[in-house]
Amino acid sequence: MRISRVVMGMPATVELVSPTATEEQVHALYDCFDEIDERFSTYKETSEISAINRGACTSDCYSDDMREVLRLCEETKMLTNGYFDIQTPNGDLDPSGLVKGWALMRAANLARAQGHTDFYIEIAGDIQTSGVNSEGNAWRIGISNPQRKHELVAVVEPRGLGIATSGTAERGEHIYNPIAPDEKPQELLSLTVLAENIYEADRFATAAFAMGKSGMVFLSTLPGVEALAVVAGDMMYMTQGFENFIVA
């Protein structure tokens, strides 16, 4: 059962590999995404985060989800030495660099609660897989060349890990360096991260991309995290263990 649609303004796909999977189960995962978007979208005036940014909602009325996400954002800021920071240059809060991966993790947990062990869940290239595909084979994910999107720089088998890519090819220069907000991240064209789950992969991919080339050094210090960076001139850099996931 495979259904694609747009969530959070981005293309998404959910595939549940089971003869008993139903449309209702897939739609339940999309309902999870929609509920999160309604709470955390900075583009919707009715969202909780928008209410917080205009001063209409104070900390004593935050939802449990908002408290959790803001706590995780602060934790990530500390772990990345300030390179992950949800406070924008104009003073607003924008947790979208963490929310997408967190939402994917929530959806994956819901799929497991539904009894599924084989699935593929993606939002805009950030992916959580489990088990095998409809042909009974391990899931394989192609990593696009950010300079020529019709080409792949590698194909990997994530083996249940989350895989997230940060870069400018799809959404333009939307990632900024919070340490030096006036400077654009240099050197990296794309950065793909494999981690224990999509939440971990997404938050560290965002922060490491803002670091530039030094982001690869940072990622190499994190246990269970592997990464591949693409820079100009078709050059690639990998952490020591990333090549173990490459199949083509």
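Before reading on, note that the structure itself is shown above.
Now for a quick tour of the structure. Position numbers for residues count from 1 along each chain, tracking the sequence in the order it is written. Residue-level local features of this predicted model are given only where pLDDT is at least 70; pairs of side-chain atoms are given and counted only at 80 or more, and the full residue set underlies all totals for whole chains, interfaces and linings. With hydrogens and water set aside, each side-chain value is computed from the structure's full complement of heavy atoms.

1. Quick word on the overall build of the protein
Then, in step 1: Every helix listed is a DSSP run of H or I at least four residues long, and every strand listed is a run of E at least two residues long, numbered separately from the N terminus. When helices and strands are counted, the protein shows 6 helices and 10 strands.
Then, in step 2: The size measure is the radius of gyration over C-alpha atoms, and the globule rule it meets is 2.2 Å times the number of residues to the 0.38 power. Relative to the compact-globule value of 18 Å for 248 residues, the protein shows a C-alpha radius of gyration of 18 Å, a close match.
Then, in step 3: Counting over 248 residues, the protein shows a buried share of 51%.
Then, in step 4: Surface summary for the protein: the accessible area is close to 12000 Å², and the carbon and sulfur share equals 48%.
Then, in step 5: Charge-centre separation for the protein: the mean point of 19 positive side chains lies 1 Å from the mean point of 36 negative side chains. We call a residue buried when its accessible area falls under 20% of the maximum for its residue type, exposed when it is over 50%, and partly exposed in between, using a 1.4 Å probe and counting protein chains only. Accessible surface area values rest on a Shrake-Rupley calculation with a 1.4 Å probe, where residue burial reflects the displayed protein chains alone. His is not counted, nor are the chain ends, whereas Lys and Arg count as positive and Asp and Glu as negative. Taken as the charge location is NZ of Lys, CZ of Arg, CG of Asp or CD of Glu.

2. Considering the pattern of salt bridges
Then, in step 1: By definition here, a salt bridge exists when the distance from a side-chain nitrogen of Lys or Arg to a carboxyl oxygen of Asp or Glu is within 4 Å. Going through the model one piece at a time under the given rule, you end up with 13 salt bridges.
Then, in step 2: In this structure, D85 engages K77 in a salt bridge whose closest nitrogen and oxygen atoms are separated by 3.5 Å.
Then, in step 3: Classification of D85 by relative accessible area gives partly exposed; the value is 25%.
Then, in step 4: Accessibility expressed as a relative area gives 30% for K77, which makes it partly exposed.
Then, in step 5: We note a salt bridge from D126 to K100, for which the minimum N-O separation is 3.0 Å. Pair noted here: D126 is in strand β4 (residues 126–130) and K100 is in helix α4 (residues 96–113), with a separation of 26 residues, a long-range link. Neither D126 nor K100 differs from the other in exposure class; each is buried.

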